Amino acid sequence: MSTSLTFTQSAAVHPGAVKAAAASSAARSIAASGTELLQVKNLSKIFGPKPERALELMRQGMGRNDIFAETGNMVAVENVSLSVRAGEIFVVMGLSGSGKSTLVRLLNRLIEPTAGQVILDGRDIAPMSAAELQAVRRQKMAMVFQSFALLPNRNVLDNVAYGLEVAGMKKAERYGIAQTALARVGLDSYAKLLPSELSGGMQQRVGLARALAVNPSVLLMDEAFSALDPLIRSEMQNELLRLQKEEQRTIVFISHDIDEAIKIGGRIGIMKDGRLIQVGTPSELIQSPADDFVRDFFRNVDVSRFLKASNILTRVERNTFTCNPGAPASRYLNQMIDGAMECAYVCDESGKYQGCVTQNSLHQAGSGSMQEAFLADAGAVSLDSDLHQLADIALGQTHDVPVIDTFGRLAGVVSCRTILKQVMERRMA
């Protein structure tokens, strides 16, 4: 069954646009399930006169430069395998010449692969006929280019509707959908202007709206914001994140900018010399880089905002009490003394965190309740709290910082010593 990720549209727009919105709820459900919508298996691209010979040498383990010296062929993409989940922004990044732009063009066969598979929604696009491939590009896999690629003699609305026009959609219907797509990127009032009458950032929004109008399963963005001024680029990144929060599209985003990658990417794939070195979330790449090349990408980036409490917490087993906050404090004082506990964490019967107590706070509460013994400075943090937030809290207390999940349950604790160690490591990096 075809997976089509749509964008939300109001009932006031053209019926064709409303019809396109009908699948949005199902699409979001697919996105939430983590389904692998796009799979790349052992994909390679070799440019030159003898790709078969070069491919054999590559499989024997010969390096890129040696292959070029022997055959005159350039290995642009080498045996790349990855998967992109429905509803995620997957960023492919690397330095110039790493193969990232070639890779994205292999995904929709703008460049023909030398070997390997690209499986979209369960179908390999490599053996598709020209007609089948054209249908995929029109309906399932749209692309936003760095150069905007707008038609200069057509107004904004006609540019956005162009893909629908080529697909044979009637004028009234395609204009209704195009107008709605323009509204999604905040340009509905600019429909009659020519591209030359818009700023660079606005032109890129038109390019994004054109891609959204065809309602693709996968949106490919090749360095889409790199030609923009820094301020406009940041605005476009924010716009993409806003749209993603509302619509949960599946996006493959190519970038050479690590700050951009970690800002918008749910997961990042890092390429070097045509090879995919490592794939992971920003936190995973920061915490466990595959090699020095990956580590160097983050050397000049403030990675502390990507190091979360979930990455450095310790599970709590022994130092916990399950009780009602109204239970007598004196009942638990001896348990803490016998167990040599400096502090303990109190949860109710459902596991929700209630507060933190120490031997001293229980002693001071006397015949009072556990709630009276709770430490005033023992506020819990969420799993997504970053190192900056943890450091601010740790400066005001001496006991471990409790961490709770989205249901308010105690997930673990982060020790002040661990927080200090992480802060010092990053200052010395």
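Residues numbered from 1 in each chain as written. Predicted model: local features only at pLDDT ≥ 70, side-chain atom pairs only at ≥ 80, totals over all residues. Heavy atoms only, no water.

What about the sheet that holds strand β11 (residues 320-322)?
The strand order across the open sheet formed by three strands is β11-β12-β13, and the pairing between neighbours is mixed. The sheet terminates laterally at β11 and β13 (353-358), the two strands that pair on one side only. Each strand of the sheet is rotated relative to its neighbour by a mean of 25°, with strand direction disregarded. Of the pairings in the sheet, the one linking β11 to strand β12 (residues 343-347) comprises three bridges and is parallel in character. Residue Thr 320 lies in a different strand from β12, and its bridge partner there is Tyr 345. Across the face of the sheet, helix α15 (residues 330-338) comes into contact with β11, β12 and β13 while running at roughly 150° to β11. (Pairing = 2+ DSSP bridges. Helix = DSSP H or I, 4+ residues; strand = E, 2+ residues; numbered from the N terminus. Axes fitted to C-alpha atoms, helices over the stretch in contact; angles between N-to-C directions. Contact = heavy atoms within 4.5 Å.)

A short note on the sheet that holds strand β9 (residues 267-272)
In a beta sheet, neighbouring strands pair by backbone hydrogen bonds and run either parallel or antiparallel. In space, the six strands of this open sheet follow the order β6-β7-β8-β3-β9-β10, with mixed pairing throughout. Both outer strands of the open sheet, β6 (141-144) and β10 (275-280), are each paired with one neighbouring strand and no more. Going from strand to strand, the sheet's axes swing by 20° on average, the running direction of each strand aside. Against the sheet, helix α10 (residues 230-247) touches β3 (89-93), β7 (218-222) and β8 (250-255), its axis set at about 160° to β8.

A short note on the nonpolar core
Ranked by size, the top nonpolar core spans 53 residues in total, and within it Val 160, Leu 208, Leu 219, Met 221, Phe 253, Ile 270 and Phe 298 carry the most contacts. Top element by residues in this core is helix α9 (residues 200-213). It accounts for seven residues. By size, the runner-up hydrophobic cluster in this structure holds 29 residues, among which are Val 80, Val 84, Met 128 and Ile 254. (Core = buried A, V, L, I, M, F, W, Y, C linked by side-chain atoms within 4.5 Å. Buried < 20%, exposed > 50% of the residue type's maximum accessible area, 1.4 Å probe, protein only.)

Topic: the pairing of β6
Neither face of β6 is exposed, since Met 141 and Met 143 on one face and Ala 142 and Val 144 on the opposite face are all buried. Strand direction decides the pairing type here: β6 and β7, joined by four bridges, are parallel. When the sheet's bridge partners are listed, Met 141 is paired in β7 with Val 218.

Focus on the packing of aromatic side chains
Following the criterion strictly, the structure yields three aromatic pairs and no others. Sitting over the face of the ring of Tyr 175, Arg 174 holds its NZ or CZ atom 5.6 Å from the ring centroid. (Phe/Tyr/Trp six-rings, centres within 6.5 Å; stacked < 30°, edge-to-face > 60°. Lys NZ or Arg CZ within 6 Å of the ring centre and 35° of its normal.)

Examining a nonpolar patch on the surface
A contiguous nonpolar patch, built from Phe 47, Phe 68 and Met 74 and spanning about 260 Å² of accessible area, is present on the exposed surface. Mapped onto the secondary structure, Met 74 falls in strand β2 (residues 74-85). A residue is classified by how much of its surface remains accessible, and Met 74, at 30% relative accessible area, is partly exposed. (Patch = residues over 30% accessible without salt bridge, like charges linked within 9 Å, V, L, I, M, F, W, Y side chains within 5 Å. Areas by Shrake-Rupley, 256 points an atom, 1.4 Å probe, with all protein chains shown as cover. Salt bridge = Lys/Arg side-chain N within 4 Å of Asp/Glu carboxyl O.)

A word on the environment of Ile 111
Locating Ile 111 in the fold gives a position in the loop between α5 (100-107) and β4 (115-120). Between the C-alpha atoms of Ile 111 and Lys 45, which are 66 residues apart in sequence, the distance is 8.5 Å. Leave out the neighbours within four places in its chain, and Ile 111 touches Lys 45, Phe 47, Thr 102, Arg 105 and Leu 106.

Quick look at the UniProt feature "domain: CBS" (unreviewed entry) in the protein chain
According to UniProt, the positions carrying the feature "domain: CBS" (unreviewed entry) are residues 316-372. Regarding residues 316-372, the helix share stands at 33% and the strand share at 25%, and the terminal C-alpha atoms are separated by 22 Å. (UniProt positions renumbered as here; feature names shortened; annotations may be inferred.)

Considering the environment of Leu 285
Take Leu 285: it is sitting in helix α12 (residues 282-287). Classification of Leu 285 by relative accessible area gives buried; the value is 0%. As for Leu 285 and Cys 356, which are separated by 71 residues in sequence, their C-alpha atoms are 33 Å apart. Apart from residues lying up to four places away in sequence, Leu 285 is in contact with Ile 268, Ile 270, Gln 278, Val 279, Gly 280, Val 294 and Phe 298.

Examining the packing of helix α7 (residues 156-166) against α9
Across the interface, α7 lies against α9 with an axial gap of 8 Å and an inter-helix angle of 30°. The handedness of the crossing between α7 and α9 comes out as right-handed. Where α7 approaches α9, its residues Val 156, Asn 159, Val 160 and Leu 164 are matched on the opposing element by Val 206, Ala 209, Arg 210 and Ala 213. (Left-handed = near helix turned anticlockwise from the far one by under 90°.)

Comments concerning the pattern of salt bridges
Scanning the entire structure with this criterion turns up 17 salt bridges. With a closest N to O distance of 3.1 Å, Arg 109 and Glu 112 form a salt bridge. The exposure class of Arg 109 is buried, given its relative accessible area of 11%. On the accessibility criterion, Glu 112 (39% relative accessible area) is partly exposed. For Arg 233, the salt bridge identified is with Glu 260, shortest N-O distance 3.1 Å. With Arg 233 in helix α10 and Glu 260 in helix α11 (residues 258-264), the pair connects residues that are 27 residues apart, well separated along the chain. Each member of the pair, Arg 233 as well as Glu 260, carries the same accessibility label: buried. Through salt bridges that share partners, Arg 184, Arg 205, Glu 239, Arg 242 and Glu 246 make up one connected network.

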